[in-house]
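Listed here are the chains, written in short residue letters.
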Amino acid sequence: MSANLNLWGSYGTLNFRSGVLYGTALIWYNVLNGTASVIFSGAPFNFSASMVGLTYLGPMLGACVAFLWSGYAADRWLMYYVRKKGGVREPEHRLWLLALNAIICPVGLILWGVGAGRGIHWFSLVFGGSMVAFTSATGGAFAINYALDSYKDLSGEVMITVILIRVSLEGFVTLLTC
């Protein structure tokens, strides 16, 4: 079985899109991670280093909820949708669950950024961080699952390509922001 490995063919385009989705999902968490210490250790919060560390319990909880959403709930949704579509399973069916990310991520980023700028209660920032962590985890999981579902026979090559694109995107954004 031969596969078209042309970068501009369907394989390359799908992997590029999955890599960009995975990379952008993690970039927003990197922004949160890079600013947490500055925000929580300064005024008006003045948290100690250990208290800043404890604020990561919110993102950890968000990632745990994302584990359930992108795993168990996504598989249940997929089985429901396949039955609804007459038994036909397509890799794109899983992407419907990403619509929730389009709502949660901007709300979480607004809570984080505007909340830090206005000095609102620290719990709002932690909750915003948990929302960003949720979308980072689900974005990565759905991107990889979509690419692997699309090219089951090329799973190793798919993973390498998606991760290379993700790392390149994150490195590029890191260089721009330094």
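Up top you'll find the structure we're talking about.
The paragraphs below set out a description of the structure included in this document. Fair warning: this is a prediction, and the values are worked out from it, not measured in the lab.

**A few points about the overall build of the protein chain**
Argument step 1. The helix and strand tally for the protein chain stands at 6 helices and 0 strands.
Argument step 2. Traced from its N-terminal end to its C-terminal end, the protein chain shows the element sequence α-α-α-α-α-α.
Argument step 3. Counting the 178 residues in the protein chain, one finds 37% classified as buried.
Argument step 4. A separation of at least 24 residues holds for 71% of the contacts in the protein chain among residues at least 6 apart in sequence.
Argument step 5. Accessible surface, the protein chain as shown: approximately 10300 Å² in total, 70% of it carbon and sulfur.

**Some details on the environment of Ser 50**
Argument step 1. Mapping Ser 50 onto the fold places it in helix α2 (residues 49-54).
Argument step 2. Note: C-alpha distance between Ser 50 and Gly 113 (63 residues apart in sequence) is 22 Å.
Argument step 3. Within the structure, the side chain of Ser 50 is placed 3.1 Å from the side chain of Ser 48, a separation counted as a polar contact.

**Details of helix α4 (residues 99-118)**
Argument step 1. Look at α4: 29 Å from first C-alpha to last across 20 residues, which is about the 28 Å you get at 1.5 Å a residue.
Argument step 2. Every buried residue belonging to α4 is among Asn 101, Ile 104, Cys 105, Gly 108, Trp 112 and Gly 115, and all of these are buried. Relative to the axis of α4, the buried residues are bounded by an arc of 130 degrees and lie together on one face. For α4, the exposed residues lying more than 90 degrees away from the buried face are Ala 102, Ile 103, Ile 110, Gly 117 and Arg 118.

Scoring rules and cut-offs
Along every chain, residues carry numbers that run from 1 in the direction the sequence is written. Where local features are concerned, this predicted model is filtered to residues with pLDDT of at least 70; where side-chain atom pairs are given and counted, the filter is 80 or more; whole-chain, interface and lining totals use all residues. Side-chain metrics in this entry use all non-hydrogen atoms of the structure; hydrogen atoms and water are not considered. In this text, helices come from DSSP runs of H or I with a minimum length of four residues, and strands from runs of E with a minimum of two, each type numbered from the N-terminal end. Categorising residues by exposure relies on relative accessible area from a 1.4 Å probe, with only protein chains included: less than 20% of the type maximum marks a residue as buried, more than 50% marks it as exposed, and the intermediate range marks it as partly exposed. Contacts were defined at the residue level, with two residues in contact if any of their heavy atoms lie within 4.5 Å. In short, Shrake-Rupley with a 1.4 Å probe defines the accessible areas, and a residue's cover is counted only from the protein chains shown. Under this definition, polar contacts are N or O atom pairs within 3.5 Å; protein pairs additionally need one hydrogen-donor-capable and one acceptor-capable atom, and for neighbouring residues in sequence, both atoms have to be side-chain atoms. In a helix, the anticipated span is given by 1.5 Å times the number of residues less one. Throughout, the arc means that of the directions going from the helix axis to the C-beta atoms.

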